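Reading the structure
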Amino acid sequence: MSYAILLGGLLFGLPIAVSILAALLWFMATGEPPYNIRIVATEMFKGLNSFPLLAIPLFILAGELMNASGITHRIIAFAKILVGRFPAGLAHVNIWASVIFAGLSGSAVADTSAIGRVFIPEMEKNGYDRAFAAALTAASSVIGPIIPPSIPVIIYALIVSGVSVPVLFLAGVVPGLLLALFLSAYVALRVKVKETSAGSKQDGTSTRDALLGGVLPLLMPVFVVGSMLLGVVTPTEAASFAVAYALILGLFVYRKIKPSMLPRLFAHAMRDSAVILAIIAAVAAANWLLTYNRVPNMLTDWVIGNVDSKTMFLLAVIVLFLFVGLFFEGIAAMLVLVPILHPIAVSMGVDPVHFGILVIFNLMIGLITPPLGLCLFVAEGVANVGMSRIVRQIMPFFFVEVLVLLILTFVPATVTWLPHALGF
Amino acid sequence: QTIRFAHVDPADWQNSKKGAAAEIFKNIVEGETDLTVELFPAGALGNEDELVAQAQDGITQVVMVSGAMSKVCPAASVLDIPYTFPSAPVAWKVLDGDFGAALAEHCLEKTGLRTLAYGETGFRNFTNGVREIRTPADMKGLKFRVQPIPLYIEMVKGLGGEPTPIAWTELPNALTTGVVDGQENPVGVIYNNGLHKLQKYMTLDGHVYGADFLLISDEFFQSLSPAEQEVVQKAAIVAGNMGRSIQQFSTALGVNAVQAEGMQVYSPTAEELAQFRNAAQPAVKEWLAGELGDDAGWIDQLDKAVAAATE
Amino acid sequence: MTRISRLYERILAFGAGLMMFLVFAIIFVNSMRRYTTGRSLEWGEELPIYLMIYGVMFGIGLAYLNDRHIRFALVTDILPEAWTQKLFAATDIVTMVTGAALAWSGILFAMRRPHIDASGLIGSARALADSTGLAWLEWIGHVGTWQSAIAIGGVLLALAALIRFLTRLQEIRAGVQDQAA
Ligand code: NA
Ligand code: NA
């Protein structure tokens, strides 16, 4: 019955967190002692009762404030200077704007909606297919949680002890850039669009202003990640500094945020955090039940008994996460699977940092795969051309991303080189 | 029937005191009865407070915890009075003797949890990066990280240091940046977490003796047959001693290792220890007596038991 | 109905926003204090966590009202418009029941040993109660106060779902009338 509730709920559009809770509450309420409905609330509370978790609402708040300060336009202007001159320039700008945006935001969904709102109409004006523009926006926004700061990374470090947030942040830099390069290369090879208007100049910003406008927001990730790496602050504290920085930029430098807007911005940040944290709490309760019945131990024994090489294991993990990514929200999937797979990976000699980035990259690809791909939903919400047209356009990008994932998997240095080079 | 045995330490039995205790408990009980023992190490089912609550609710049957016990049975916090136990063997004598039995009885009534046996997390010691500490006078003006627990704050104040509550996860940063000058922990914890690389001096003052409590839900215990009860009780005592031995083993190893890696370790003389005791105990005892109210009698009882065991 | 919905939305937004602000303010001020004066607040770690948990509970309700929760759109995308409306009304009811069950679970949890001290808060809470003469302030230092969050979250979610359901019902009726006219 619990499974029926869970699957039915998921299938018929019940929020994921509510589906999990409904199934668990039913199970605990009807189960024999020691099962008791009280356990659900107990374990949810426990799942949320953690200081590092506070970094999530704080980074989301920083992103919300950055958005409200009109930073999206500055980033786009900045990216235009970098890559706007190439053929199919706007497509490249879309990709590299995501790279810069990635440094401010920990979430791909935020990136899709912010950049998509500006780019999808603009690209269409310049002769691109609207569905292609939406697909490109969604595909490139996957970079967001790979390049630091990143909410999935914070959650990953919470699940797995002994892997630190700053090191994982560093490890994501090269994979994020690599993804951008490959997407750009695909665009350069395959996209032949004659842009009609010279989009790069029409907004009248001078090159100098655009550069200056881009530098201030770009300093934020440098400063946030830098202070964490120097060991001066914990990720949670760094997140609070990021909020303060975004507040100062918005209130005093760009002056786009008025004090009267703050209550709404704070409320929206908590609301959007609650969507993630509710899933974390619900999955924590579900995981307790799984652990209590030793499901992870049994799965671990099975995998260790049946998969004997590191390569086999990594390939199996990739296939598993790509499959899971079709149907699951990335963070929920991570919360359930990482506690089981991480110990196996370690026992097989996979570097924990390498494994962490692979898992996150893998699940972030799930953001653009139907039927459940959050970035697809958001892009469709902006573009409004019908899901099936976007999905058709996104296929090549999906293959590009899987190709990058395979490179990351079999050339571990792409992930571990930067943290090692900096002495971590 | 299945016994779920949960604790927060690592699983391996060669380095982890609770891991070792759990492992031997499982082997004895499964070998001599038809019961099954499932181990949940490393906080798989929750932190210590949560494990205690689960045992009280009968969700988890056996748990091995340290600090969490005194939150549900305040009288147990008398064991934390600084400089109470002059050595580990004295602590074992007290806890395995009449005092330990009386405390177990009291806590059973209070919580529904039966203390099957005592293990240990070890003596806690001060480290710092400024100067060698031989007497409390050397602690004056130094900032020490303590857990946000009032008893520890009172103790460090009494010794003349400045207590600073900082989360465990932030301790390495705080020591590196000089937010605090020192900290206090058992040697094994100091060594395993590399804190000796951040600190130059350690004083083996052994201010607080950490006991482990091997607890079973009494309701579950009563549901067992007398023969099973006997095996479970015996296995628990062996497990407690196993935990103590592993703990002693890693402490001895740790004291050597931190010195080999450049830390200066000082063992105070009996006279210097008396100075520590006189500086720290009165404030803590007064504060604790106020906290315990009706249970304050346990303070004197413990002092008497220690005196008897030391003779 | 829309008016009630707006009012409820504002209450939830106020709660969520206030908690977000407090979390930020405490963590920011506490870390600045630590790196400037070397001291930190005894409750600077535990309190923001508990405030966040309350914030999440307000946020869950708000997100439901604003339809921000993450869900599959598979079936709902395929179905014709009239059907989706009914399906959504059904999910509102299921959510309402789930919220109520969660509230029940939360009440049982909060009533379980609520007197236990929250170790980082109890000292300051007692000092506050003593200095103000308001004995109930000591409850800031007991876990029960904070454990109640889940029960409140269940109630807030159930109410949000109820309001969404009633709003939808109104819309469906209005739609039927439109077609009739
Ligand atoms: Na990012
Ligand atoms: Na997906």
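In this report, the structure presented in the accompanying data block is examined. These numbers were taken from a predicted model, which means no experiment stands behind them.

A separate point is the pairing of strand β5 (residues 143–146) of chain B. The side chains of a regular strand alternate, residue by residue, between the two faces of the sheet. Residue and element names in this part refer to chain B. Where β5 and strand β6 (residues 162–165) come together, 4 bridges link them in parallel fashion. Within the sheet, the bridge partner assigned to Val146 lies in β6 and is Pro165. On the question of chirality, the crossover connecting β5 to the parallel β6 by way of helix α6 (residues 150–159) is right-handed. One ladder, built from 2 bridges, connects β5 with strand β7 (residues 182–186); its direction is parallel. Paired with Phe144 across the two strands is Gly182, which belongs to β7.

Turning our attention to the side chain of A:Thr414. All names here are of chain A. Take Thr414: it is sitting in helix α20 (residues 413–421). Here Thr414 falls in the buried class, since its relative accessible area comes to 15%. At 2.5 Å, the side chain of Thr414 and the backbone oxygen of Val411 are in polar contact. With residues near it in sequence (within four places) discarded, Thr414 still touches Val174, Pro175, Leu178, Ile407 and Leu408.

Attention shifts here to a nonpolar patch on the surface. Residues and elements named next belong to chain A. On the surface, Val215, Leu219, Val222 and Phe223 cluster together into a nonpolar patch covering about 340 Å² of accessible area. Structurally, Val215 can be placed in helix α11 (residues 207–229). The class for Val215 is partly exposed, based on a relative accessible area of 38%.

Here the focus is the pattern of salt bridges. All chains considered together, the criterion is met by 28 salt bridges over all chains. Between A:Asp272 and C:Arg68 there is a salt bridge; the shortest N-O distance is 3.2 Å. Taken as a pair, A:Asp272 in helix α13 (residues 262–292) and C:Arg68 in the loop between α2 (46–65) and α3 (74–78) lie in two separate chains rather than in one. A salt bridge links B:Asp212 to B:Lys18, with the nearest nitrogen and oxygen atoms 3.4 Å apart. Of this pair, B:Asp212 sits in strand β9 (residues 209–217) while B:Lys18 sits in helix α1 (residues 17–32), placing them 194 residues apart in sequence. An identical accessibility class is assigned to B:Asp212 and B:Lys18; each is buried. Through salt bridges with shared partners, a single ionic network connects B:Asp9, B:Lys17, B:Lys18, B:Glu48 and B:Asp212.

Parameters at a glance
- Residues numbered from 1 in each chain as written.
- Chains lettered and ligands numbered in written order.
- Predicted model: local features only at pLDDT ≥ 70, side-chain atom pairs only at ≥ 80, totals over all residues.
- Heavy atoms only, no water.
- Pairing = 2+ DSSP bridges.
- Helix = DSSP H or I, 4+ residues; strand = E, 2+ residues; numbered from the N terminus.
- Right-handed = clockwise from strand over helix to strand, strands pointing away.
- Buried < 20%, exposed > 50% of the residue type's maximum accessible area, 1.4 Å probe, protein only.
- Polar contact = N/O pair within 3.5 Å; in protein donor to acceptor, adjacent residues only side chain to side chain.
- Contact = heavy atoms within 4.5 Å.
- Patch = residues over 30% accessible without salt bridge, like charges linked within 9 Å, V, L, I, M, F, W, Y side chains within 5 Å.
- Areas by Shrake-Rupley, 256 points an atom, 1.4 Å probe, with all protein chains shown as cover.
- Salt bridge = Lys/Arg side-chain N within 4 Å of Asp/Glu carboxyl O.

In short, shape yes, function no, at least from these values alone.
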